[in-house]
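# What the coordinates show
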Amino acid sequence: MSQLKPPVGDADHVQGSADARIELVEYGDFECPYCGEAYPQLKAVQEAMGDALRFAFRHFPLSQAHPHAERAAEFYEDAATIGRFWEMHDLLYENQQALDDRSLARYAAGLGCDQALIESALKGEFASRVRRDFTSGARSGVNGTPCLFIDGQRYEGAWDAESLLGVFGVRG
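Here we summarise the structure given alongside this text.

Analysis parameters
- Residues numbered from 1 in each chain as written.
- Predicted model: local features only at pLDDT ≥ 70, side-chain atom pairs only at ≥ 80, totals over all residues.
- Heavy atoms only, no water.
- Helix = DSSP H or I, 4+ residues; strand = E, 2+ residues; numbered from the N terminus.
- Contact = heavy atoms within 4.5 Å.
- Phe/Tyr/Trp six-rings, centres within 6.5 Å; stacked < 30°, edge-to-face > 60°.
- Buried < 20%, exposed > 50% of the residue type's maximum accessible area, 1.4 Å probe, protein only.
- Expected span 1.5 Å × (residues − 1).
- Disulfide = S-S within 2.5 Å.
- Axes fitted to C-alpha atoms, helices over the stretch in contact; angles between N-to-C directions.
- Parallel < 35°, antiparallel > 145°, perpendicular 65-115°, else oblique.
- Left-handed = near helix turned anticlockwise from the far one by under 90°.
- Nonpolar A, V, L, I, M, F, W, Y, C, P; charged D, E, K, R; others polar.
- Pairing = 2+ DSSP bridges.

Turning to the environment of Ala 56, a few remarks are in order. One can find Ala 56 in strand β3 (residues 53–59). Counting along the chain gives 95 residues from Ala 56 to Asp 151, while the straight-line C-alpha distance between them is 11 Å. Ala 56 has contacts with Val 8, His 13, Val 14, Leu 24, Val 25 and Glu 26, leaving out every residue within four places of it along the chain.

Here is the structure:
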């Protein structure tokens, strides 16, 4: 079984406390239809688990199959600079069919990113952060998305809310 490398740390985007009973990490691709299907399931798990869950998201854009995925991840990082990464995360998954540069810039502006920040994303200035996540995924044995890790161990089971809550010992 693959282990998460490196473990969740200060550089990660997380929801929930480091003291949570369960840690769930998703390697995702904003253009991946399977990640799009997993998105509401993972939101339901977060809601059901509350403070017992710490959730982290890491980028794993499969750019050859999803041409907008890497740029979408860069705009996610753009929004992170103003503390709006989770709002951008949700916008991107809820608008998977509109991830062209114009749409991404509109989402970023709507969240409060100024034109200079948007231009930075369009120039690829957040690419290194996305590459860091991708590299950590490759080191952790990720080869597709979504890929989940529970408490540092790769999870190979179903990613619907009911299955995950069952793994966590919670009935939804």
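We are not done yet, so read on.
On inspection of all chains with the given rule, the structure shows 11 aromatic pairs. Measuring from ring centre to ring centre gives 5.6 Å for Phe 57 and Tyr 76, while their planes differ by 50°; the resulting arrangement is tilted. Within this pair, whereas Phe 57 is found in strand β3, its partner Tyr 76 is found in helix α2 (residues 69–80), the two being separated by 19 residues in sequence. Assessed through its relative accessible area of 0%, Tyr 76 is described here as buried. Ring centres 6.4 Å apart and planes at 80° place the aromatic pair Phe 57 and Tyr 93 in the edge-to-face group. Here Tyr 93 lies in helix α3 (residues 85–94) and Phe 57 lies in strand β3, a separation of 36 residues in the sequence. Here the aromatic residues Phe 30, Tyr 39, Phe 57, Tyr 76 and Tyr 93 are joined through ring pairs into a cluster of three or more.

Attention now moves to α2. For α2, with 12 residues, the first-to-last C-alpha span of 17 Å sits near the 16 Å given by 1.5 Å per residue. Most of α2 is tucked away: 10 of the 12 residues are buried. Buried positions along α2 lie against β1 (13–15), β3, α3, α4 (101–111), α5 (115–122) and α6 (127–139).

Right, let's get into the state of the cysteines. Here the structure, examined in full by the defined rule, presents 0 disulfides. Of the cysteine sulfurs around Cys 147, a residue in no disulfide, the closest is that of Cys 35, at 9.7 Å.

What follows concerns the packing of α2 against α4. In contact at an axis separation of 10 Å, α2 and α4 are set at 15° when each is read in the N-to-C sense. When the interaxial angle is binned, α2 and α4 end up roughly parallel. Here the hand of the crossing between α2 and α4 comes out right-handed. Within the contact between the two elements, α2 uses Arg 71, Ala 72, Phe 75, Asp 78 and Ala 79 and α4 uses Asp 101, Leu 104, Ala 105, Ala 108 and Leu 111. Counted by class, the contact of α2 with α4 contains 7 nonpolar, no polar and 3 charged residues.

The next thing to look at is the sheet that holds β1. Overall, mixed pairing links the 5 strands, which are arranged β1-β3-β2-β4-β5 in an open sheet. Looking along the sheet, the strands with just one partner apiece sit at the ends: β1 and β5 (153–155). Strand-to-strand twist in this sheet, taken as the mean axis angle between neighbours without regard to direction, amounts to 25°. Two strands pair when backbone bridges link them, and strand β2 (residues 22–28) and β3 are joined in this way by 7 bridges, in the parallel orientation. When the sheet's bridge partners are listed, Ile 22 is paired in β3 with Leu 53. Of the strands in this sheet, β1 and β3 are in contact with α2, which crosses β3 at around 125°. On the sheet, α6 packs against β1, β2 and β3 and is oriented at approximately 110° with respect to β3.

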